[in-house]
Amino acid sequence: MMEIVTLVLAGLACVLSLANLLRRPRGLSGEDLEKVRQDLLAEIRQTRQELSGSVASGLQASNVQTEQKLESIRTTMEVRLNAMQAVTDRRLGEMRQTVDEKLQKTLEDRLQKSFGLVSQQLELVYKGLGEMRTLAAGVGDLKKVLSNVKTRGILGEVQLGAILEQLLAPGQYAENVATVPGSAERVEFAVKLPGDGDGPVWLPIDAKFPQDAYAALLAAYDTADKAAVELAAKELDKRVRGFGKDIHDKYLAPGHTTDFGVMFLPVEGLYAEVVRRGTAERLQREYKIVVAGPTTMAALLNSLQMGFKTLAIQKRSSEVWKVLGSVKAEFDTFGQALAQAQNRLNQASSELENLVGVRTRQIQRKLQQVTLLPGEEETSGEQNSGY
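Predicted model, so just to flag it, every value in this text is computed and none were measured.

Analysis parameters
Residues numbered from 1 in each chain as written. Predicted model: local features only at pLDDT ≥ 70, side-chain atom pairs only at ≥ 80, totals over all residues. Heavy atoms only, no water. Axes fitted to C-alpha atoms, helices over the stretch in contact; angles between N-to-C directions. Helix = DSSP H or I, 4+ residues; strand = E, 2+ residues; numbered from the N terminus. Parallel < 35°, antiparallel > 145°, perpendicular 65-115°, else oblique. Left-handed = near helix turned anticlockwise from the far one by under 90°. Contact = heavy atoms within 4.5 Å. Nonpolar A, V, L, I, M, F, W, Y, C, P; charged D, E, K, R; others polar. Salt bridge = Lys/Arg side-chain N within 4 Å of Asp/Glu carboxyl O. Phe/Tyr/Trp six-rings, centres within 6.5 Å; stacked < 30°, edge-to-face > 60°. Buried < 20%, exposed > 50% of the residue type's maximum accessible area, 1.4 Å probe, protein only.

## Some details on the packing of helix α5 (residues 226–251) against helix α7 (residues 279–286)
One can describe the packing of α5 onto α7 by two numbers: an axis separation of 10 Å at closest approach and a directional angle of 30°. Comparing their axes, α7 and α5 come out roughly parallel. The interaxial crossing formed by α5 with α7 has right-handed handedness. Along the contact surface, α5 presents D237, V240, R241 and G244, while α7 presents T279, R282, L283 and E286. Counted by class, the contact of α5 with α7 contains two nonpolar, two polar and four charged residues.

## Some remarks on the pattern of salt bridges
Close approach of charged atoms allows side chains of opposite charge to pair. Counted under the stated rule, the structure contains nine salt bridges. Here K245 ties to D249 by a salt bridge, and the two come within 2.9 Å at their closest N and O atoms. Residue K245 and its partner D249 are both found in helix α5; the two are separated by four residues, about one turn of the helix.

## A few points about the packing of aromatic side chains
Applying the stated criterion to the full structure yields one aromatic pair. Each ring, one from Y173 and one from F189, has its centre 6.4 Å from the other, and the planes form 50°; the classification is tilted. You can see Y173 sitting in strand β1 (residues 173–177) and its partner F189 sitting in strand β2 (residues 187–193), a full 16 residues away along the chain. The exposure class assigned to F189 is buried, which follows from its relative accessible area of 3%.

Read these as spatial facts, not as claims about activity.
In structure tokens, the structure reads:
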């Protein structure tokens, strides 16, 4: 600001000097003009120097003030930045501590839950392993059981007995029956059918389980060896046909039994294999033996149960007709007796009417005579005679 004022004053001084020269008379010589020019130049130089000094001092003062202000601003900014940094560091520390605590807690919770789940899964795995060991032991025991021929027969017999017990009444079948008279051979189960005479007709059912031959066939299927499959199938067919022949020879006696018997196979796969290879059809044609699996056995017994119900209905129907015939005869006799009773009632009614009419009047006359005095009796006699 001071520099501008100095420049303006110097300009005014030059203008005033020039005005003083112009007020002089016009007869100015060249020397005067030169002198004026020189004076003006000197004043201009002096003014310039003064202006330069003023400007330099002003700039120096401005620089000093600017530096002081900048220093003050820098100091203030440093203080504020330090304060802000301290506050930021403190807040960041608090946030870090909070985040660390939350992360630690979350991590501990997650780890605890994860370890809990892992422990539960491991416990389930251990339990499953224990069950697998038990199952493996049971399978081994079952394999040992099935390796015994007698035990295999008992297994089929138990399964057959359970099916019969579920589908038939206790009086409709029997166990260990000697179906052939005079023979010591006893079939495992026999269904009791109504016969023409007094005794029943038995349907023999025997359980068979050629487990070794069937297992050999399954093993041959697994190896995909065609020759081995055919060999095992022939062995199975031979075993099953031998069973059918035994049932036919030991337990069938038409007249005392049905003309066919039933071979029960306790495994559906074995039954399907026997049917698929035509063994069941050959048994029925050659030995009159019907092959049945668990499902087929249930269907056969259901059919027999329906036959039993049909026979029972027919028997009851004949009994009902007999009862109706007896009732008809009794009804005729009852009608005759009822007619006789009606005649007797009519006769008693007429006799009662006679008794009530005639006899009652005679009794009344006698009673009147008893109640009259002697004079009244004569008067009454005269009146009666005059009448």
